[in-house]
Amino acid sequence: MNNPAILEKLQSIETMLLEQNTRFLSLSEAATYLNVSESFLYKAIAKRTIPFSKPNGKLIYFRQSDLNAWIENGSSLTTIKGE
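Participant: Can you help me understand helix α3 (residues 38-47) in this one?
Facilitator: Spacing of three or four residues puts side chains on the same side of an α-helix, whose turn is 3.6 residues. Residues L41, A44 and I45 constitute the buried set of α3. One side of α3 holds all its buried residues, which, seen down the axis, span an arc of 100°. The exposed residues of α3 that point more than 90 degrees off its buried face are K43, A46 and K47. Of the surrounding secondary structure, the elements contacted by the buried residues of α3 are α2 (27-34) and β2 (61-63). Just downstream of α3, R48 is the residue with a positive phi angle, here 60°.

Next up, the structure:
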């Protein structure tokens, strides 16, 4: 591969990543993305523990990049019982 081809591929990857980070998900899409129930999301919204947007006062949306950050911030070290 020559340099222009590499640059073109890198630009394509960058564009895909930027689009992914600005993508908005509906409640059902977010539940599927996070592998949780919609009920879990409603409870997290009520407790204000998950970032969400409600632009028209009715429908709920989640920015995919916010969900990724929420997952990363909620991570903790786990221990296996007996160790």
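Participant: I would appreciate a short explanation of the packing of α2 against α3 in the present structure.
Facilitator: A pair of packed helices is captured by two measures, namely the crossing angle of their axes and the spacing between those axes. For the pair α2 and α3, the least separation of the axes is 9 Å and the interaxial angle reads 105°. Judged by the inter-axis angle, α2 sits roughly perpendicular to α3. Between α2, through L27, S28, A30, A31 and L34, and α3, the contact on the second element is made entirely by E38, L41, Y42 and I45.

Participant: I would appreciate a short explanation of the environment of D66 in the present structure.
Facilitator: With respect to the helices, strands and loops of the structure, D66 is situated in helix α4 (residues 64-73). Considered as a pair, D66 and P51 are 15 residues apart in the sequence and their alpha carbons are 6.5 Å apart.

Participant: Looking at this structure, I do not really get α2. What am I missing?
Facilitator: Turning to α2, its buried residues number three or more, namely L27, A30, A31 and L34. When α2 is viewed along its axis, its buried side chains cluster within an angular range of 100° and face the same direction. Buried residues in α2 make contact with β1 (24-26), α3, β2 and α4. The first or second residue beyond α2 is N35, which carries a positive phi of 60°.

Participant: Honestly, the pattern of salt bridges in this entry has me stumped. Any pointers?
Facilitator: Opposite charge on two side chains permits pairing when their charged atoms draw close. Summed over all chains, the structure comprises 2 salt bridges. Between R23 and E29 there is a salt bridge, with its nearest N and O atoms 4.0 Å apart. Judged by relative accessible area, R23 falls into the partly exposed class, the value being 41%. With a relative accessible area of 37%, E29 lands in the partly exposed category. Between D66 and R63 there is a salt bridge whose closest N-O contact spans 3.9 Å. The class of D66 is partly exposed, set by a relative accessible area of 28%. On the basis of relative accessible area, R63 is assigned to the partly exposed category, the value being 33%.

So, how was this worked out
Residues numbered from 1 in each chain as written. Predicted model: local features only at pLDDT ≥ 70, side-chain atom pairs only at ≥ 80, totals over all residues. Heavy atoms only, no water. Buried < 20%, exposed > 50% of the residue type's maximum accessible area, 1.4 Å probe, protein only. Helix = DSSP H or I, 4+ residues; strand = E, 2+ residues; numbered from the N terminus. Arc of directions from axis to C-beta. Contact = heavy atoms within 4.5 Å. Axes fitted to C-alpha atoms, helices over the stretch in contact; angles between N-to-C directions. Parallel < 35°, antiparallel > 145°, perpendicular 65-115°, else oblique. Salt bridge = Lys/Arg side-chain N within 4 Å of Asp/Glu carboxyl O.

Read these as layout, nothing more, since geometry by itself doesn't imply function.
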